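Residue-level structure breakdown
For reference, the chains in residue letters:
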Amino acid sequence: MTHRLQEYQPPEWAQSLKLIPKYRVQLAAPGVTPITEWKLPDAPEDFKVLLKRDDYTGSVLTGNKVRQLEFIIADAIAKGHKHIITAGAVHSNHCRAVAASCAELGLQSHLFLRTPAKQVSDLKFDGNLFLDRLFGANFYLVPADADYVEFIEVKMQELAEQIKKEKGETSHLICANGSKDMGMWGYIQCFEDIRQQGVEFDDILCACGGGRTICGLAVANYLCGMPYRLHTIVVSKLKRDNYRKIVQDHLNEVGLQDVAVEDVVTLYFNQVTPEHGENLPSQLELMVKSAEQTGVVLDNIYTAKAANELKELMQNKPEVFKGNRILFLHTGGLPSLQSEAKINPLLPYLTRSKFMFVS
């Protein structure tokens, strides 16, 4: 595994930060993901929306998770860990990316999944859950309402201790908020890629759950003199103050204790539905319109919520933007759509296609 490690040299403007990774392991497809113009359905005509295609980072490793894992798993390998333990919802994109990465690198993945299922036969092995199983992950099913810090993280640590006792092997725990791990460096490096692409725009907007993506972008944007205004649509169930603390913790970890969250990113919570995988009708409608009219597939958990909020901000609160050229970060997530639970809510909106039997 160690032969896959590559020494990491951060961008010149980031070399004063603390906790700079020593290594990176390439998991994403080679090359820089493109920036293209996107005719976002129902967007005001006086705005120009660009798309950073991080859904092109791979196939099963598609999306923002793979950028983060290139640094997190490299750190784990360098420390000699043989097991990766993490947690998420039952169709988590993050967990699927962890399982795929571990299979590729010869590590064993252990996934704590929140689910209402009471027994294994209640589970439907489709979408990300099928891929997790295909990659040989071990599953630890926890109640859907289990508290992450007080229950799940405790059980993750207990599992690591059990593995150490039984096999003599150590584990790396990837926790939800990403503080004190190297994941945010995926988007510090991505910001440098964006700068090198030379495309002009005024604002960046993305969806965010655990915080690594927007924190990396915020740190990079700050160090480069704030050329853009950053916006993130929070899809986590965490309350505003808790999420703000996660972002502040990331800033503190890299030595930016004097930088306030509000000075580097605007957080939006008002479009978050009660449950992680639920959607408003307007979000489902936008998913279908985007696919039919532009060929851009949005996932229901992250990008559909963020794109819908972007559209509504442009329509109703254009003053929040620095300018009228917006870069939307597409964070992937397509495999999560390939499950019955995600497909069924979309079916009533699929009215364009026609079916004909030919004999």
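What this report covers is the structure whose coordinates are included nearby. All figures in this text were calculated on a predicted structure; none of them were measured in a lab. Going along each chain's sequence as written, the residues are numbered from 1 onward. For a predicted model such as this one, the threshold for reporting local features is a pLDDT of at least 70, and the threshold for listing and counting side-chain atom pairs is 80 or more; totals across whole chains, interfaces and linings nevertheless cover every residue. Water and hydrogen atoms play no part in the side-chain values, which are based on all heavy atoms of the structure.

1. Side note on the pattern of salt bridges
The working definition used for a salt bridge is a side-chain nitrogen of Lys or Arg within 4 Å of a carboxyl oxygen of Asp or Glu. Across all of its chains, the model carries 17 salt bridges by this definition. Three or more residues are tied together by salt bridges with common partners; here these are Asp 42, Glu 285 and Lys 289.

2. Some remarks on the packing of helix H5 (residues 185-197) against helix H6 (residues 212-223)
Taken N-terminus to C-terminus, the directions of H5 and H6 make an angle of 50°; their axes are 7 Å apart at the nearest point. Accordingly, the angle class assigned to the pair H5 and H6 is oblique. The two elements H5 and H6 cross, and the hand of that crossing is right-handed. On H6, the residues that touch Tyr 187, Ile 188 and Phe 191 of H5 are Thr 213, Gly 216, Leu 217, Val 219, Ala 220 and Asn 221. The nonpolar class holds Ala, Val, Leu, Ile, Met, Phe, Trp, Tyr, Cys and Pro. Asp, Glu, Lys and Arg form the charged class, and all remaining residues, Gly among them, are polar. Tallied by class, the residues present in the contact of H5 with H6 amount to 6 nonpolar, 3 polar and no charged. Angles here are taken between N-to-C directions and fall from 0 to 180 degrees, while the axes themselves are lines fitted to C-alpha atoms, restricted in helices to the stretch in contact. In this description a helix means any DSSP run of H or I spanning at least four residues, a strand means any run of E spanning at least two, and both kinds are numbered starting from the N terminus. With respect to orientation, any angle under 35 degrees is reported as roughly parallel, any angle over 145 as roughly antiparallel, any angle of 65 to 115 as roughly perpendicular, and every other angle as oblique. If you view the pair so one helix is near and one far, a crossing is left-handed when the near helix is turned anticlockwise from the far one by less than a right angle, and right-handed when it is turned clockwise. Residues count as neighbours in contact if any of their non-hydrogen atoms are within 4.5 Å of one another.

3. Here's the deal with the packing of aromatic side chains
Here the aromatic set is Phe, Tyr and Trp, taking the six-membered ring for Trp, and pairing holds for ring centres within 6.5 Å; pairs whose planes are under 30 degrees apart are stacked, those over 60 apart are edge-to-face, and all others are tilted. What the rule picks out here adds up to 10 aromatic pairs. Measuring from centroid to centroid gives 6.0 Å for Tyr 8 and Trp 185, while their planes differ by 75°, and the two rings are edge-to-face. Placement of the pair is Tyr 8 in the loop between strand E1 (5-7) and strand E2 (23-25) and Trp 185 in helix H5, with a sequence separation of 177 residues. Like Tyr 8, the residue Trp 185 is buried in the burial classification. Stacked on the ring of Tyr 187, the Lys or Arg Arg 67 has its end atom at 5.5 Å from the ring centre. A cation over a ring is seen here: Arg 133 above Phe 125, with NZ or CZ 4.4 Å from the ring centre. To sort residues, take the accessible area from a 1.4 Å probe on protein chains only and compare it with the maximum for the residue type: under 20% means buried, over 50% means exposed, and anything in between is partly exposed. Either the NZ atom of lysine or the CZ atom of arginine qualifies as a charge over a ring when it sits within 6 Å of the ring centre and within 35 degrees of the ring normal.

4. What to know about the sheet that holds strand E8 (residues 171-173)
Ordered by their spatial adjacency, 4 strands build an open sheet running E7-E6-E5-E8, and the pairing between neighbours is parallel. Two strands close off the open sheet at either side, each with one partner strand: strand E7 (138-143) and E8. Each strand axis lies, on average, 25° off the axis of its neighbour in the sheet, ignoring direction. Where strand E5 (residues 83-89) lies against E8, 3 bridges are found, and the strand directions are parallel. Among the inter-strand pairings, Ile 84 is bridged to a residue of E8, identified as His 172. The rule for pairing is simple: two strands pair if DSSP sees at least two bridges between them.

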